[in-house]
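Summary of structural features
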Amino acid sequence: MERLILDCDTGQDDAIAILMAHGAKNLAVEGIVAVAGNTTLENALENTLKLTEDIDFNVPVYTGSRGPLIRKQIVASAIHGESGYDGPVFTKKRIKKSCGNGIDFIINTIMQNPGEINLVATGPLTDIAIAIKKEPKIITSVKRLIIMGGSLSKGNVTPSAEFNIYADPEAAKIVFNCGIEIYMMGLDVTKQTIVSKDFMQKCIVKQKEKPSRSRQVFIDGMNFYIASCMKAIREAPSMHDPCCIAFLINPSLFSFEKHLIDVETKGELTYGETVDLGINENSNIHVGIKVDTKQFFELLFQSLQ
Ligand code: BDR
Ligand code: CA
């Protein structure tokens, strides 16, 4: 059983990561922390509370950071919509509330369970950087930090930067330089999980045969996400954030290389780039290079049952 904390800025693909974690028999989610990223903190928290309540996922939700450490906040409403998670309709009145401060929750959970907790970050790294600064002992007490962010090649928000790193480069720099064991799911690997029309069709057919609320939420979120990505970036969306959860469910789907990586915080054109300083067997940063795409989508399909 893998125990984890998910720190996320709940938009469509963060939500799929939550659906996958909920459906996985070998994962135990200790809590979810909502952070500002794709959208405001209020929206990210609201989306997380509504989603987990709607799918009967009995997991505590906490409040993370309101915005990046230094830079001005950016959001991605062209991709995720005004709410940060447009698409699914949650009709139930929300009862669930935040359980409190997410950074203290991260620190306390890791420190009380040394070597046991996987920390998964699928939004900007603001909360993780603050937690590291507040309690540096989490660096050696966490089992591993799995992040969706960065790229060894091109970016997706600027020519050189990926969104989650660009949204808080100063936080990412702290995280990448602190020595924590990082598994980096960057665009190099996540772009191997572009959703196909056939996969969506398979989900729609299955939903008619054997309805599941998780699958319906997935389909409704994807309908919005596919349309917005086609409009904004002219390609179907990748399952960026779900890669982190798929790795925890079945690590053998992914292959990694150890690289030295630093984060650019000064460059006019390269702000937020994860700069590849080369392969180095002594590095603590495992960069995702390849995923078994077929098996990944099989796992996603199973998780939605
Ligand atoms: C990342 O940016 C966000 O829009 C997605 O949720 C994902 O975490 C991809 O660059
Ligand atoms: Ca995200």
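What comes next is a walk through the structure. These numbers were taken from a predicted model, which means no experiment stands behind them. (Residues numbered from 1 in each chain as written. Chains lettered and ligands numbered in written order. Predicted model: local features only at pLDDT ≥ 70, side-chain atom pairs only at ≥ 80, totals over all residues. Heavy atoms only, no water.)

Some points on the coordination of the calcium ion (ligand 2)
The criterion, for reference: Keep in mind that water is not among the atoms, so a site may look incomplete; donors are the N, O and S atoms within 2.8 Å of the metal, or 3.2 Å for Na, K and Ca. A run of H or I in DSSP counts as a helix once it spans at least four residues, and a run of E counts as a strand once it spans at least two, with each numbered from the N terminus.
Here the calcium ion (ligand 2) is held by the protein donor atoms D9 (OD), D14 (OD), D14 (OD), T122 (O) and D241 (OD), which lie 2.3 to 2.6 Å from it. If you list the donors of the calcium ion (ligand 2) from N- to C-terminus, the spacing comes out as D-x4-D-x107-T-x118-D. Note that D14 is positioned in helix 1 (residues 12-23) and D241 in the loop between helix 11 (213-233) and helix 12 (242-249), a separation of 227 residues in sequence.

Considering the sheet that holds strand 9 (residues 285-291)
Adjacent strands of a sheet pair through backbone hydrogen bonds, lying either parallel or antiparallel. Rules: Strand pairing is defined by DSSP finding a minimum of two bridges between the two strands. In this description, a line fitted to the C-alpha atoms serves as the axis of each element, helices being fitted only across the stretch in contact, and the angle between N-to-C directions of two axes falls anywhere from 0 to 180 degrees. Every residue pair with non-hydrogen atoms within 4.5 Å of one another is taken to be in contact.
The nine strands lie next to each other as 3-2-1-4-5-6-9-7-8, forming an open sheet whose pairing is mixed. In the strand order of this sheet, the two ends are held by strand 3 (61-63) and strand 8 (274-279), each with one partner. Between one strand and the next, the sheet's axes are offset by a mean angle of 30 degrees, whatever the strand orientation. Looking at chain direction, strand 7 (residues 254-263) and strand 8 are connected through four bridges and run antiparallel. Bridge assignment links V263 to a residue of strand 8, and that residue is T274. The strands touched by helix 2 (residues 41-54) within the sheet are strand 2 (27-34) and strand 3, with strand 3 carrying the most contacts at an inclination of about 175 degrees. Along the sheet, helix 8 (residues 169-176) makes contact with strand 5 (144-148), strand 6 (182-185), strand 7, strand 8 and strand 9, crossing strand 7 at roughly 115 degrees.

Describing the pattern of salt bridges
This is how the line gets drawn: For salt bridges, the criterion is a side-chain nitrogen of Lys or Arg within 4 Å of an Asp or Glu carboxyl oxygen. Under the scheme applied here, a residue whose accessible area is under 20% of the maximum for its type counts as buried, over 50% as exposed, and between as partly exposed, the area being computed with a 1.4 Å probe on protein chains only.
Scanning the model with the defined rule gives 13 salt bridges in all. The shortest N-O distance in the salt bridge between R66 and E42 comes to 2.4 Å. One end of the pair, R66, is in the loop between strand 3 and helix 3 (77-80); the other, E42, is in helix 2, and 24 residues separate them in sequence. With relative accessibility at 54%, the residue R66 sits in the exposed group.

Observations concerning the pairing of strand 9
Within strand 9, five of the seven residues are buried, which leaves the element mostly enclosed by the surrounding structure. As judged from the three bridges shared by strand 6 and strand 9, these two strands associate in the parallel manner. Residue I182 lies in a different strand from strand 9, and its bridge partner there is I285. Summarising the sheet, strand 7 and strand 9 pair through five bridges and their orientation is antiparallel. Bridging from a neighbouring strand, E257 pairs with V287 of strand 9.

What about the pairing of strand 1 (residues 2-8)?
Regular strands have side chains that alternate between both faces of the sheet. Burial analysis of strand 1 places six of its seven residues in the buried class, the great majority of the element. Relative to strand 2, strand 1 runs parallel, the two being bridged by seven bridges. The residue of strand 2 that forms the bridge with L6 is I32.

Digging into the environment of N108
Note on placement: N108 falls in helix 4 (residues 102-112). With relative accessibility at 40%, the residue N108 sits in the partly exposed group. Once the C-alpha coordinates of N108 and H22 are considered, the two residues, 86 residues apart in sequence, prove to be 23 Å apart.

Let's talk about empty space enclosed by the protein
Rules: We place a 1 Å grid over just the protein atoms. Points where a 1.4 Å probe fits but has no way out form a cavity, open points with protein on both sides within 12 Å along at least 5 of 7 lines form a pocket, and any residue with an atom within 4 Å of a point lines it. Grid points are joined across faces, edges and corners, and a volume is the space filled by probe spheres set on the points. Ten residues, namely Ala, Val, Leu, Ile, Met, Phe, Trp, Tyr, Cys and Pro, are considered nonpolar, four, namely Asp, Glu, Lys and Arg, are considered charged, and the remaining ones, Gly among them, are considered polar.
Here the structure, examined in full by the defined rule, presents two cavities of 30 Å³ or more. One number sums up the size of the largest cavity: a volume of about 50 Å³. Taken together, K50, E53, D54, F90, K92, K93 and R94 form the lining of the largest cavity. When grouped by side-chain class, the residues that make up the lining of the largest cavity number one nonpolar, no polar and six charged. Reported here for the second largest cavity is a volume of approximately 30 Å³.

Observations concerning the layout of surface pockets
If a probe the size of a water molecule is rolled over the atoms, the empty space left behind becomes visible. Counted as a void, the largest pocket has a volume near 470 Å³. Lining the largest pocket are 28 residues; nearest its centre among them are I79, H80, N156, F163 and H240. Looking at the lining of the largest pocket, the elements with two or more residues in it are helix 1, helix 3, helix 7 (163-166) and helix 11. Split into classes, the residues belonging to the lining of the largest pocket amount to 13 nonpolar, eight polar and seven charged. Roughly 160 Å³ of internal volume is contained in the second largest pocket.

Focus on the site of ligand 1
Keep this limit in mind: Residues are labelled near a given molecule or strand when at least one of their non-hydrogen atoms is within 4 Å of it. We call two N or O atoms a polar contact when they sit within 3.5 Å, provided that within protein one can donate a hydrogen and the other can accept it, with sequence-adjacent residues counted only if both atoms are side-chain atoms. Per-residue accessibility takes into account occlusion by the displayed protein chains alone, with areas from the Shrake-Rupley method and a 1.4 Å probe. By definition, a pocket or cavity contains a molecule when more than half of the molecule's atoms lie within 2 Å of the pocket's grid points.
Lining the immediate surroundings of ligand 1 are D13, D14, N38, H80, T122, M148, N156, E162, F163, N164, H240 and D241. For ligand 1, an oxygen atom lies 2.5 Å from a polar atom in the side chain of D13. At a separation of 2.6 Å, an oxygen atom of ligand 1 approaches a polar side-chain atom of D241. Relative to its unbound accessible surface of 280 Å², ligand 1 loses 95% to contact with the protein. Under a 2 Å grid-point criterion requiring more than half of the atoms, the pocket assigned to ligand 1 is the largest pocket. Put simply, the parts of the chain that give the shell around ligand 1 at least two residues each are helix 1 and helix 7.

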